[in-house]
Amino acid sequence: MVSSSSERESKVTEELDQDLTTSSRPGPRGALKEQIASIICYCFASIIMTLVNKFVVSGKDFSMNFLMLAIQASVCILCVILVKALSIISIRRFNIYEAIAWSPVSCFLVLFLYTGSKSMQYLPLPVLTIFKNLTIILIAYGEVIWLNGHVTKLCFTSFLIMVVSSVVAFLSDESVHPSLSASGVALSSNGSASSAVGTGYFWIGANCFISAAYVLTMRIKIKGTGFSDWDTMFYNQLLATPLLFLLSFIAEDWSGNNIVLSFPVGTRMQLLFAIGFSGGAAVGISFATAWCIRVTSSTTYSMVGALNKLPIAVSGIVFFDDPATPGSVSAITIAFCAGVLYAVAKDRQKKEESKEDRSSVVYVPLLRSQPSEDD
């Protein structure tokens, strides 16, 4: 049997909230209890990591984002080494040539993590979650340009709804429009609050573009290296950690006074524990992702990723007192619907591509040789 079609590109999943893509193909379906358990574990790890990171960067005078990310990456590496030592996972041996080839991806990862932490520092979680949907659009059209992808009409419709949800979120943001607050009183007489929010929108805009560049670059490199999900995580964190520490020493204030401001004595141990915990949660997300796809399917995982944005946005309202206005609730609902529609659109696109692959297969009949007259 000879196939005339080229190899299809693996599907890009949503983890922009989790910071990874996966190219694993769905394995055989497990028991219903295992499927439910894998989905719960993925959602729990994703939500917990987001809340913990938000808690750390929400300190009044916190300014050591590079150091926070470096500690998280270090914990992540230690966790990967530990689970490898326990024979739970397998990763390839470190290769300097593969590390050099992978270094551009790790550089994008550093920028992606930093801009994400800065946007989380300045923006409410619901607004942040909604705007990160725009990354999906950038990735989709990046695939069209560089990876021979295409966008279906249903995907395009979901993109339009994502843009609408972002516009609604911006227009209903009380920090940008103080007149929308319940009291009608400006949130800051000197404009410092509005300036901070403007900074937050700058960081989330930068994060969307860098996130798309990170994902697309990683996909191209994975095709060349053949990295598994765990290989990807290991090389990413291993190469990013020294760069993060270096940038922290160069760009951040390591004076005793600033360290006390960023890590107050009264809450220092809680903050350090939270940073380490979030680093371990990153490994948990990768494990839960692989588990979820193995016992369900990549489509189910994509749908769960879309649905998971809702509790993350709601958790910002519950745990961080983010304003719950009719406009913000509407924006969350619209973004939720857009995410579900996008997951459905990608599922249909995948099925159509599968049909095209089957229709392009050429079957070569095996002809039995006729006996010659001499026989």
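What counts, and where the lines are drawn
Residues numbered from 1 in each chain as written. Predicted model: local features only at pLDDT ≥ 70, side-chain atom pairs only at ≥ 80, totals over all residues. Heavy atoms only, no water. Axes fitted to C-alpha atoms, helices over the stretch in contact; angles between N-to-C directions. Helix = DSSP H or I, 4+ residues; strand = E, 2+ residues; numbered from the N terminus. Left-handed = near helix turned anticlockwise from the far one by under 90°. Contact = heavy atoms within 4.5 Å. Nonpolar A, V, L, I, M, F, W, Y, C, P; charged D, E, K, R; others polar. Patch = residues over 30% accessible without salt bridge, like charges linked within 9 Å, V, L, I, M, F, W, Y side chains within 5 Å. Areas by Shrake-Rupley, 256 points an atom, 1.4 Å probe, with all protein chains shown as cover. Salt bridge = Lys/Arg side-chain N within 4 Å of Asp/Glu carboxyl O. Buried < 20%, exposed > 50% of the residue type's maximum accessible area, 1.4 Å probe, protein only. pLDDT = per-residue confidence, 0-100. Expected span 1.5 Å × (residues − 1). Arc of directions from axis to C-beta.

(A) Structural context of the packing of helix 5 (residues 134-146) against helix 6 (residues 153-171). It is at 9 Å that the axes of helix 5 and helix 6 come closest, and there the two elements cross at 145 degrees. Where helix 5 crosses over helix 6, the handedness of that crossing is left-handed. On helix 6, the residues that touch Leu134, Ile136, Ile137, Ala140 and Tyr141 of helix 5 are Phe156, Phe159, Met162, Val163 and Ser166. Looking at the contact of helix 5 with helix 6 residue by residue, the classes come out as nine nonpolar, one polar and no charged.

(B) Expanded view of a nonpolar patch on the surface. Nonpolar side chains collect at one region of the surface, where Tyr141, Val144, Ile145, Trp146, Phe156, Leu160 and Ile220 lie side by side and expose about 700 Å² of accessible area between them. Put simply, the parts of the chain that give the nonpolar patch at least two residues each are helix 5 and helix 6. Within the secondary structure, tryptophan 146 sits in helix 5.

(C) Geometry of the pattern of salt bridges. Summed over the entire model, instances satisfying the criterion amount to four salt bridges. Across the salt bridge formed by arginine 219 and glutamate 143, the nearest N and O atoms sit 2.3 Å from each other. Separated by 76 residues along the polypeptide, arginine 219 in helix 7 (residues 192-225) and glutamate 143 in helix 5 bring together distant segments of the chain. Residue glutamate 143 is classed as buried on the basis of its relative accessible area of 13%. It is possible to trace a salt-bridge network through shared partners that takes in Arg92, Glu98 and Asp231.

(D) Seen up close, the confidence of the model for the chain. Of all residues in the chain, 79% attain a pLDDT of 70 or more, and the chain-wide mean is 81. Between residues 1-30, whose pLDDT stays under 50, and residues either more than four places distant or in other chains, the model counts 88 contacts. In this model, residues 182-190 is a region of pLDDT below 50 whose contacts with residues beyond four sequence positions or in other chains number nine contacts.

(E) Focus on helix 6. The end-to-end C-alpha distance of helix 6, which contains 19 residues, comes to 27 Å, matching closely the 27 Å that a straight helix rising 1.5 Å per residue would cover. For helix 6, the set of buried residues is Cys155, Ser158, Phe159, Met162, Ser165, Ser166 and Ala169. Buried residues of helix 6, viewed axially, fall in a sector of 120 degrees; they line one side.

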